[in-house]
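Structure assessment
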Amino acid sequence: MKIKSIISMLAGVAMLFSLSSCFDLEETVYDKIPSDTFGKNKAEVEAIIGPVYNTLKKYFSSNWLYLSECTGDMAINPTRKGGDWFDGGRYRDLHMHTWTPQTGTLRGCWDAATQSISSCNLIYATIETSQSISDGDKKAALAEIRGVRAFWLYCLMDAFGNVPLAVDFKDASLPETKTRQEVFDYIVRELDEIKDLLRSDVSSASYGKFTKGAAYTLLAKMYLNAEAWGVHTKKTNNWQEVVNACDAVMGLAYMLEPSWKTNFQIKNETSREAILSACYSANDTEDKNTLHLRTLHYKDNLALGGTWSAWNGICAATDYAKLFEEGDQRLKGSFLMGEMKDPATGQVLMTAHDRPLVHYIDVIQIEGSQYKGSVWGQVNQEDGYRCYKWPYDKATLGAMENDFAIFRLADVYLMKAEALVRMGGDNGAATKLVNAIRERGFGNASHNYTSVTLEQVALERKLELAWECFSRQDCIRFGTFQNARYLKPDTKGKEHLKIFPIPQTALDANRSEEHTSELQSRSAIS
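Note that the structure is a prediction, hence the values are computed from the model and not measured. (Residues numbered from 1 in each chain as written. Predicted model: local features only at pLDDT ≥ 70, side-chain atom pairs only at ≥ 80, totals over all residues. Heavy atoms only, no water.)

Structural notes on the overall build of the protein chain
Where we set the bar: Counting from the N terminus, the helices are the DSSP runs of H or I reaching at least four residues and the strands are the DSSP runs of E reaching at least two. Each residue is assigned to one of three classes by its accessible area relative to the maximum for its type, calculated with a 1.4 Å probe on protein chains only: buried under 20%, partly exposed between the two thresholds, exposed over 50%. In what follows, a contact means two residues having at least one pair of non-hydrogen atoms within 4.5 Å. Note on areas: Shrake-Rupley with a 1.4 Å probe; residue coverage comes only from the protein chains shown.
Looking only at helices and strands, the protein chain features 19 helices and 12 strands. Buried residues in the protein chain amount to 59% of all 526 residues. In the protein chain, 72% of the contacts between residues at least 6 apart in sequence involve partners at least 24 apart. Looking at the protein chain as shown, the accessible area adds up to about 20300 Å², and 50% of this sits on carbon and sulfur atoms.

If you want it as structure tokens, here you go:
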């Protein structure tokens, strides 16, 4: 059997399962793999693991992007004049923090994570029971799978709090929900057990893999957010654990790329800053990187020389975009702004409503367009800076080639700096880390700090990590998630909004589950 066929078979079988489904143990998938012959070398083992890494492509440009950036303060997906992107109010609800168990984005995130975990479970069981894979290759492969599964559990726990902990493919029972504390403890234990089993090289061979660097970065995330999640750890100083984990990553062969844009270019797999990446291709037919379609105006392709048909959706939140200073390359490197001109005539393009296609920073409600019972209305088609962090290939159609770095070294620098400041540690070291990021952004040292505060660390995270799916988590950790902002009221005191309700579809699928009543009660909180 060809490697490509095995990858396709495994991916197809994995999609049949989700955490909210009963596993049919009579369905034998292993006999479709020539387990007596396949897996005798690393290339064949990597082919079997391939679908595990393909799950990471579910993380970016769709539901998880909206869940982070639109519930945080980074982005907004406004309803455009004519009604585009209202979609039953799902994006309004994300922005205004009025989501419910029926909100489609929550369901999309839940399904992506639970299906990915189930894919990991399936392939883990396949490799674990293989007769042809050597013990060494098996141990390494299983560690990688556990790492990707831990990442998806981290996503679920961060977003939904108490979640199912279904990690055994052979267990046919419906999954029971576990407390956030139990899931946290499980993830940390998994990472501690696998971190020294994973490869530590930073090379083209390790790119896109769950490596030692990825394990330590995720450990840093766990300890960095533990207090905000309300969980207890077995460590005496969580901030020191963040520093230790970041030091372990920084001791590997990663480097801050001299050119910031190297991390986002069309062929960005060369970045030595990327720690864990979702690897996309312009030839993808599912789980594609469709960021260009989601953010660009219907006619932006004409100005950019492309032939795609965009959907004119998500854009930068005005107050967020205003944080960037002139002279910071990350301003123009993160946002498409200003006049969109027809290259053939040099004239500014016009929208379908006969308005100049100029992406201004402001997103302004059209007077009288508000939906009944809501302050949310429609905005003009051209409003808002668009995402331009990942350059758009003129040849792109429905899928982008650019990979997405889920974790990269700049984030590690800023996590360590934050931990040092929070614990009253070496401010000089924290300042040096922030300035390394800041100096690259401005291209000189004229904007460097002499000492750094927690607020300045938070600001640098916004400038450096726009569009990279950290906004909600950062806002919660820095205490700004419930602040009032454009159209969104102050929600201080409504602590339940720091986690999302379990989607109704998941509740319905698990009606016989012992803990369904608990999930329902959590979803009914208002």
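Side note on the packing of aromatic side chains
Convention followed: In this scheme Phe, Tyr and Trp rings, the latter by its six-membered ring, pair at centre separations within 6.5 Å, and the angle between planes marks the pair as stacked below 30 degrees, edge-to-face above 60, and tilted otherwise. Two conditions define a charge located above a ring, namely a distance within 6 Å from the ring centre to NZ of Lys or CZ of Arg, and an angle within 35 degrees of the ring normal.
Following the criterion strictly, the structure yields 28 aromatic pairs and no others. Ring geometry for Phe 60 versus Phe 404: centroids 3.9 Å apart, planes at 5 degrees, classification stacked. With Phe 60 in the loop between α2 (42-54) and α3 (63-69) and Phe 404 in strand β12 (residues 404-408), this residue pair connects regions lying 344 residues apart in the sequence. Positioned over the ring face of Tyr 124 is Arg 149, at 5.4 Å from the centre of the ring. One cation-aromatic arrangement involves Arg 461 over Phe 470; the distance from NZ or CZ to the ring centre is 5.6 Å.

Quick notes on the pairing of strand β5 (residues 274-278)
As a reminder of what qualifies: Any two strands with at least two DSSP-identified bridges between them are counted as paired.
Counting buried positions along β5 yields 5 of 5 residues, so the element is predominantly enclosed. Here β5 pairs with β12 via 4 bridges, running antiparallel. Each bridged residue has a counterpart across the sheet, and for Leu 276 the counterpart in β12 is Phe 407.

Let's talk about the nonpolar core
Taken as a class, soluble globular proteins show a tendency for nonpolar side chains to be buried jointly. Defined as follows: The set of buried Ala, Val, Leu, Ile, Met, Phe, Trp, Tyr and Cys residues whose side-chain atoms join them within 4.5 Å is what this entry labels a nonpolar core.
Residues Trp 64, Phe 151, Trp 152, Leu 191, Phe 210 and Trp 467 are the most contacted members of the largest nonpolar core, which totals 140 residues. In terms of residue count, helix α6 (residues 135-160) provides more of this core than any other element does, 15 residues in total. Apart from the residues lying within four places of it in its own chain, the contact partners of Leu 191 are Ala 150, Phe 210, Ala 215, Leu 218, Leu 219 and Met 222. Core analysis: the next-biggest nonpolar cluster, separate from the first, contains 7 residues, Ile 76, Met 96, Cys 315 and Val 363 among them.

Let's talk about helix α7 (residues 180-194)
Our working definition: What a helix should span is 1.5 Å times the count of its residues minus one.
The terminal C-alpha atoms of α7, which comprises 15 residues, lie 21 Å apart, in line with the 21 Å expected from a rise of 1.5 Å per residue. Restricting attention to buried positions, one finds in α7 the residues Arg 180, Val 183, Phe 184, Tyr 186, Ile 187, Val 188, Glu 190, Leu 191 and Ile 194. Close packing links the buried residues of α7 with α6, β3 (163-164), β4 (177-178) and α8 (212-229).

Some details on the environment of Glu 439
The topology assignment puts Glu 439 in helix α15 (residues 427-442). Setting aside residues no more than four positions away along its own chain, Glu 439 makes contact with Asn 444, Ala 445 and Asn 448.

A look at the state of the cysteines
Just so we agree on the cut-off: Cysteine sulfur pairs qualify as disulfides if the two atoms are within 2.5 Å.
Taken as a whole and assessed by the stated rule, the structure comprises 0 disulfides. Cys 109 takes part in no disulfide bond, and the closest cysteine sulfur to it belongs to Cys 155, at a distance of 8.9 Å. Residue Cys 109 is classed as buried on the basis of its relative accessible area of 0%.

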